[in-house]
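Commentary on secondary and tertiary structure
Listed below are the residues making up each chain.
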Amino acid sequence: MAEASTEHPARRRGPIGKTIELVLKIIGLLLFSAFMSVVIEWVGMAFFYDEPGYAHAESMMQTEIGYLSESLTGGDGMNEGAISSASETVSTVANFLFIESGIVDNLQAVKTVSPDDGEIKAAVKRLVAGYYDYLMAAVYVLIMFLVRMAILFLSMPAFILFGIVGISDGLMQRDLRRWCGGNESGYVYHWAKRFSLPVLALAWILYLSIPNSIHPNFIITPFAVLFGLCLMVMTSKFKKYL
């Protein structure tokens, strides 16, 4: 009697299923980062920041927009179009989500109690007025989140460049090891392989959730180098024939 297959159902997914799973993971990662950004800002407003109201969130948003504008004014002809397109996309999405949708106007209108309002409506307005600064801070943080996402998308060529350098260096070290009779290590290969994608995810989560403005180079460059290092170690310890 043939043994029943013990293969896990996840391993039988086709390319479409794996693609859908990857897209859902990316969306979940972005939503989690946005939620953490808002929560961290609220905690900072309640306990740590000296700025009144939502001034800290507004200042961070303006600083991040300045970083994106700095890339636009300082870019060369090759990437100026991509940066300009990203800036216009962020502006369009932010206007649609928060201005054209009426969220900001409604928040400003709802916080004022009218004599004609009923008890329930007046209570809701007083509640909104009490947390108005936190709600506006969330709006500014989400706009900043969109700006940081645009910066991260524009920084992906840096990860690709360091990844290519890491793979090239790793393959060279692999050939030297094979010709010199060096030892192979499948353990190191699998650990380096496991760390490569988490390094990318951690760079996105850290930059999107950090509660203060920081130049993107201080986040992107170290993680791009670390990503290239992981690929270098992984390819240098690759045991199979190419």
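Here the structure is a predicted model, which means the values were calculated and not measured. (Residues numbered from 1 in each chain as written. Predicted model: local features only at pLDDT ≥ 70, side-chain atom pairs only at ≥ 80, totals over all residues. Heavy atoms only, no water.)

Time to look at the overall build of the protein. When you go through the protein residue by residue, the secondary structure sums to 8 helices and 0 strands. Its helices and strands taken in sequence order, the protein reads α-α-α-α-α-α-α-α from the N to the C terminus. Taking all 242 residues of the protein together, 31% fall into the buried category. Looking at the protein alone, contacts between residues at least 24 apart form 80% of all its contacts between residues at least 6 apart. When the accessible surface of the protein is summed, it comes to about 15400 Å², and 67% of that surface belongs to carbon and sulfur atoms. (Helix = DSSP H or I, 4+ residues; strand = E, 2+ residues; numbered from the N terminus. Buried < 20%, exposed > 50% of the residue type's maximum accessible area, 1.4 Å probe, protein only. Contact = heavy atoms within 4.5 Å. Areas by Shrake-Rupley, 256 points an atom, 1.4 Å probe, with all protein chains shown as cover.)

Moving on: the environment of Ile 214. Note on placement: Ile 214 falls in the loop between helix H7 (186-209) and helix H8 (217-236). For the pair Ile 214 and Glu 64, spaced 150 residues apart in the sequence, the C-alpha separation amounts to 8.2 Å. Setting aside residues no more than four positions away along its own chain, Ile 214 makes contact with Glu 64, Tyr 67, Tyr 207 and Ile 219.

On to the side chain of Glu 41, then. Here Glu 41 shows up in helix H1 (residues 15-47). There is no salt bridge for the buried Glu 41, and the closest opposite charge comes from Arg 148, which lies 8.4 Å off by N-O distance. Discounting residues that sit within four places of it in the chain, Glu 41 has contacts with Tyr 49, His 56, Ala 57, Met 60, Ala 137, Val 141 and Pro 211. (Lys, Arg positive; Asp, Glu negative; His and termini not counted. Salt bridge = Lys/Arg side-chain N within 4 Å of Asp/Glu carboxyl O.)

On the surface, a nonpolar cluster with roughly 600 Å² of combined accessible area is contributed by Ile 16, Ile 20, Val 23, Leu 24, Ile 27 and Leu 31. Among the structural elements, Ile 16 can be located in helix H1. (Patch = residues over 30% accessible without salt bridge, like charges linked within 9 Å, V, L, I, M, F, W, Y side chains within 5 Å.)

What follows concerns the confidence of the model for the protein. Interpretation of the predicted coordinates at a detailed level should be avoided for regions scoring low in pLDDT. When pLDDT is averaged along the protein, the result is 78; 81% of the residues meet or exceed 70. Across the protein, the secondary-structure element scoring lowest on mean pLDDT is helix H4 (residues 103-110), at 72, and the one scoring highest is H8, at 89. Predicted confidence is poor over residues 1-5, with pLDDT under 50, and the contacts of this stretch with residues over four places away or in other chains come to 0 contacts. (pLDDT = per-residue confidence, 0-100.)

The terminal C-alpha atoms of H8, which comprises 20 residues, lie 28 Å apart, in line with the 28 Å expected from a rise of 1.5 Å per residue. Listing the buried residues of H8 in full gives Ile 219, Ile 220, Phe 223, Ala 224, Phe 227, Gly 228, Cys 230, Leu 231, Met 232, Met 234, Thr 235 and Ser 236. (Expected span 1.5 Å × (residues − 1).)

All told, the structure shown has 2 salt bridges when counted by the stated rule. The shortest N-O distance in the salt bridge between Glu 21 and Lys 25 comes to 3.5 Å. Linking Glu 21 with Lys 25, this pair stays in helix H1, spanning 4 residues, or about one helical turn. Assessed through its relative accessible area of 27%, Glu 21 is described here as partly exposed.

Mapped onto the fold, Leu 154 is located in helix H6 (residues 132-179). With relative accessibility at 28%, the residue Leu 154 sits in the partly exposed group. Separated by 86 residues in sequence, Leu 154 and Leu 68 have C-alpha atoms that sit 9.8 Å apart. If we ignore the near neighbours within four places in the chain, the residues touching Leu 154 are Leu 68, Ala 82, Ile 83 and Ala 86.

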